[in-house]
Amino acid sequence: MRWLETLLNPATLALLIPIIAIVGAFSVNALKAHHRHQERIEKIKQGLDPDS
């Protein structure tokens, strides 16, 4: 459980929280972009104009 004490150290948390927030925000944006792309591909497959 030594790793937990190290992880919960305020100095460690001060570094980890912003890093996790940035990685999380990037991941959410990447997933949204992927979802929009998949929807666009489906519209094209159905013969619809994806830009309208």
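Below you will find a few notes about this structure.

The rules we used
- Residues numbered from 1 in each chain as written.
- Predicted model: local features only at pLDDT ≥ 70, side-chain atom pairs only at ≥ 80, totals over all residues.
- Heavy atoms only, no water.
- Helix = DSSP H or I, 4+ residues; strand = E, 2+ residues; numbered from the N terminus.
- Rg over C-alpha atoms; globule rule 2.2 N^0.38 Å.
- Buried < 20%, exposed > 50% of the residue type's maximum accessible area, 1.4 Å probe, protein only.
- Areas by Shrake-Rupley, 256 points an atom, 1.4 Å probe, with all protein chains shown as cover.
- Lys, Arg positive; Asp, Glu negative; His and termini not counted.
- Charge placed at Lys NZ, Arg CZ, Asp CG, Glu CD.
- Salt bridge = Lys/Arg side-chain N within 4 Å of Asp/Glu carboxyl O.
- Patch = residues over 30% accessible without salt bridge, like charges linked within 9 Å, V, L, I, M, F, W, Y side chains within 5 Å.

1. Focus: the overall build of the protein chain
Consideration 1: Secondary structure summary: the protein chain contains two helices and zero strands in total.
Consideration 2: Scaling as 2.2 N^0.38, a compact globule of 52 residues should have a C-alpha radius of gyration of about 10 Å, whereas the protein chain reaches 20 Å, well beyond that.
Consideration 3: The 52 residues of the protein chain split such that 2% are buried.
Consideration 4: Here the protein chain displays about 4,800 Å² of accessible surface, and carbon together with sulfur accounts for 68% of that area.
Consideration 5: Positive and negative charge centroids in the protein chain, built from 6 and 5 side chains respectively, lie 4 Å apart.

2. So, the pattern of salt bridges
Consideration 1: Going through the model one piece at a time under the given rule, you end up with two salt bridges.
Consideration 2: The closest approach of N and O atoms between R2 and E5, which form a salt bridge, is 3.3 Å. Of this pair, R2 and E5 both sit in helix α1 (residues 2–7), three residues apart, which is roughly one turn of that helix. Of the two residues, R2 and E5, neither departs from the other in class, the shared state being exposed.
Consideration 3: Between D51 and R40 there is a salt bridge, with the nearest N and O atoms lying 2.7 Å from each other. You can see D51 sitting in the segment after α2 (10–45) and its partner R40 sitting in helix α2, a full eleven residues away along the chain.
Consideration 4: The exposure class assigned to D51 is exposed, which follows from its relative accessible area of 60%.
Consideration 5: For R40, a relative accessible area of 36% translates into the label partly exposed.

3. Description of a nonpolar patch on the surface
Consideration 1: The grouping of M1, W3, L7, L8, L13 and I17 at the surface amounts to a nonpolar patch, some 660 Å² of accessible area in total.
Consideration 2: Elements with a contribution of two residues or more to the nonpolar patch: α1 and α2.
Consideration 3: Mapped onto the secondary structure, L7 falls in helix α1.

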